[in-house]
Amino acid sequence: MTGLNKATIPLLLGAILIAAILAGILVGCSKEGTTVNFPKDGVIPGDSIPPIDASAPAQTETATFALGCFWAPDSIFGSLDGVVRTRVGYAGGTTESPTYHNLGDHTETIQIDYDPTLISYEQLLEIYWDSHNPTVQPWSRQYMSIVFYHNNEQRELAMETKQLEEANLGRPVYTDIIPFSEFYLAEDYHQKYYLQQVPELMEELSAIYPNFADFIDSTAVARINGYVGGHVTFQDLQEQLNSSWPVSG
């Protein structure tokens with residue numbers, strides 16, 4: 001697995017600025033001279049989270065991909081407009097309750113919940129193909145290239161785009177296209193891995209999302225992880241954190 005290319009992003013400055021934005025969200029939600037208290041049971045007060053989380057759409061569709069190490073895809077897909085949440089885990093095998101150190105026959109996988117009115121499955125596939133080299137045979141099952149389809153439409157689009165990739169590249173594409181069966185969530189330290197390497201941000205975010213499951217499911221967290229990975233500009237990130245999802249007609 002590879003680490004961050006810290007030379008390509010103003011990480012420390014970004015951490016300070018994002019922390020200031022998040023702190024502003026907290027201050028703005030409390031009366032002057034008071035502080036926001038977070039309950040110990042991990043339930044997040046509805047007015048203390050960024051607007052992009054408070055207005056997240058209830059109806060989403062799911063895409064499940066494997067494309068090598070899952071740290072970078074978590075950052076890439078989490079940066080996209082229309083993606084509601086991301087999570088990384090293990091899929092494709094028969095071993096029950098796999099872990100990173102006892103993976104069995106599973107593959108590192110990312111699962112994406114998205115709003116199909118804002119981003120299509122075909123667009124997600126385009127990002128998928130562009131984000132790894134499927135013409136190289138994986139050296140282990142852990143890092144296979146796989147599209148796990150959730151319905152026939154996804155299957156057809158995956159097959160069609162794979163054929164296009166092979167035609168454009170002029171080489172075989174070693175990507176399996178198989179039905180989705182089960183997804184096992186990876187350990188906490190793998191979720192939004194790039195972001196978790198920035199303690200200044202994690203300190204702010206742990207106050208807003210005391211329950212780690214809410215941290216994983218947060219759109220704001222996905223976008224910040226996209227920024228830390230170098231896939232979102234700070235200006236775009238600032239606008240997204242303070243924006244709401246469009247209301248469905």
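It should be emphasised that the depicted structure is a prediction, and the values quoted were computed from it without experimental measurement.

Undergrad: Any chance you could explain the layout of surface pockets here in plain terms?
TA: Empty space left among the atoms is revealed by rolling a probe the size of a water molecule over them. Taken as a whole, the second largest pocket holds about 180 Å³ of empty space. Residue lining of the second largest pocket: 14 residues in total, with Gly 68, His 132, Asn 133, Val 136 and Tyr 143 positioned closest to the centre. When its residues are assigned to classes, the lining of the second largest pocket shows 8 nonpolar, 6 polar and no charged.

Undergrad: Sorry if this is basic, but what is going on with the sheet that holds strand S3 (residues 107–114) here?
TA: Across the sheet, which stays open at both edges, the 6 strands sit in the order S5-S4-S1-S3-S2-S6 with mixed pairing between neighbours. Edge strands, defined here as strands with exactly one partner in the open sheet, are strand S5 (175–179) and strand S6 (183–185). For this sheet, the mean inter-axis angle between neighbouring strands, taken without regard to orientation, is 35°. In this structure, strand S2 (residues 83–91) lies alongside S3, joined through 8 bridges in antiparallel fashion. Bridging across to S3, Thr 86 finds its partner in Ile 112.

Undergrad: Hey, could you run me through the pattern of salt bridges in this one?
TA: The final tally for this structure, using the stated rule, is 3 salt bridges. Between Asp 113 and Arg 85 there is a salt bridge, and its shortest N-O distance comes to 3.1 Å. Residue Asp 113 is found in strand S3, and its partner Arg 85 is found in strand S2; the two are separated by 28 residues along the sequence. For Asp 113, a relative accessible area of 6% puts it in the buried group.

Undergrad: Would you mind showing me how to read the packing of aromatic side chains here?
TA: In this description, a pair of aromatic rings is defined by centroid distance and the angle of the planes. For the coordinates displayed, the defined rule picks out 10 aromatic pairs. Measuring from centroid to centroid gives 6.4 Å for Tyr 193 and Tyr 194, while their planes differ by 65°, and the two rings are edge-to-face. For Tyr 194, a relative accessible area of 7% puts it in the buried group. Aromatic rings pair up to connect Phe 65, Phe 77, Tyr 121, Tyr 128 and Trp 129 into one cluster.

Undergrad: Would you take a moment to explain the nonpolar core for this structure?
TA: Soluble globular proteins tend to pack their nonpolar side chains together in the buried interior. Residues Phe 65, Phe 77, Leu 124 and Leu 195 are the most contacted members of the largest nonpolar core, which totals 52 residues. Ignoring anything within four residues of it in the chain, the contact list for Leu 124 reads Ala 63, Phe 65, Phe 77, Leu 80, Val 83, Tyr 114 and Ile 119. Core analysis: the next-biggest nonpolar cluster, separate from the first, contains 5 residues, Ala 66, Ala 91, Met 144 and Phe 148 among them.

Undergrad: Where do I start with the packing of helix H4 (residues 121–130) against helix H5 (residues 152–169) in this structure?
TA: Working note: a packed helix pair is described by the angle between its axes plus the distance between those axes. Contact geometry of H4 with H5 gives a least axis separation of 10 Å together with a crossing angle of 40°. The angle between H4 and H5 falls in the class oblique. Note on packing geometry: the crossing formed by H4 with H5 is right-handed. Residue-level contacts link Tyr 121, Glu 122, Leu 125 and Trp 129 of H4 to Gln 154, Leu 157, Ala 158, Thr 161, Lys 162 and Glu 165 of H5. Of the residues assigned to the contact of H4 with H5, the class counts are 5 nonpolar, 2 polar and 3 charged.

Undergrad: Quick question: what am I supposed to make of the packing of helix H9 (residues 219–228) against helix H10 (residues 234–241) here?
TA: Two elements in contact, H9 and H10, have axes separated by 10 Å at closest approach and are oriented at 175°. As the angle between them shows, H9 and H10 are arranged roughly antiparallel. Of H10, the residues touching H9 (which contributes Ala 220, Arg 223, Ile 224 and Tyr 227) are Phe 234, Leu 237, Gln 240 and Leu 241. Counted by class, the contact of H9 with H10 contains 6 nonpolar, 1 polar and 1 charged residues.

The rules behind each value
Each residue is numbered by its place in its chain's sequence as written, counting from 1. Confidence filtering applies because this is a predicted model: local features only for residues at pLDDT of at least 70, side-chain atom pairs given and counted only at 80 or more, and all residues used for totals across whole chains, interfaces and linings. For side-chain calculations, the full set of non-hydrogen atoms in the structure is used, while hydrogens and water are omitted. The distinction between a cavity and a pocket rests on a 1 Å grid over the protein atoms alone: a 1.4 Å probe fits inside a cavity but cannot get out, while a pocket stays open yet meets protein on both sides within 12 Å along at least five of seven lines, and a residue with an atom within 4 Å of a point counts as lining. Grid points are joined across faces, edges and corners, and a volume is the space filled by probe spheres set on the points. Each residue is assigned to one class: nonpolar for Ala, Val, Leu, Ile, Met, Phe, Trp, Tyr, Cys and Pro, charged for Asp, Glu, Lys and Arg, and polar for all the others, Gly among them. In short, DSSP must find at least two bridges between two strands for them to pair. Secondary structure elements follow DSSP: runs of H or I no shorter than four residues count as helices, runs of E no shorter than two count as strands, and numbering proceeds from the N terminus. Lines fitted to C-alpha atoms define the axes, with helix axes restricted to the stretch in contact, and inter-axis angles between N-to-C directions lie between 0 and 180 degrees. Salt bridges are counted wherever a side-chain nitrogen of Lys or Arg sits within 4 Å of a carboxyl oxygen of Asp or Glu. Any residue under 20% of the maximum accessible area for its type is buried, any over 50% is exposed, and the rest in between are partly exposed; the area is computed with a 1.4 Å probe on protein chains only. Here a Phe, Tyr or Trp ring, Trp counted by its six-membered ring, pairs with any other such ring whose centre lies within 6.5 Å, and the pair is stacked when the planes are under 30 degrees apart, edge-to-face when over 60, and tilted otherwise. We define a nonpolar core as any set of buried Ala, Val, Leu, Ile, Met, Phe, Trp, Tyr and Cys residues linked to one another through side-chain atoms lying within 4.5 Å. Contacts are assigned to residue pairs that have any heavy atoms within 4.5 Å of one another. Roughly parallel means an angle under 35 degrees; roughly antiparallel, over 145; roughly perpendicular, 65 to 115; everything else is oblique. Helix crossings are classified by the rotation of the near helix relative to the far one: an anticlockwise turn of less than a right angle makes the crossing left-handed, while a clockwise turn makes it right-handed.

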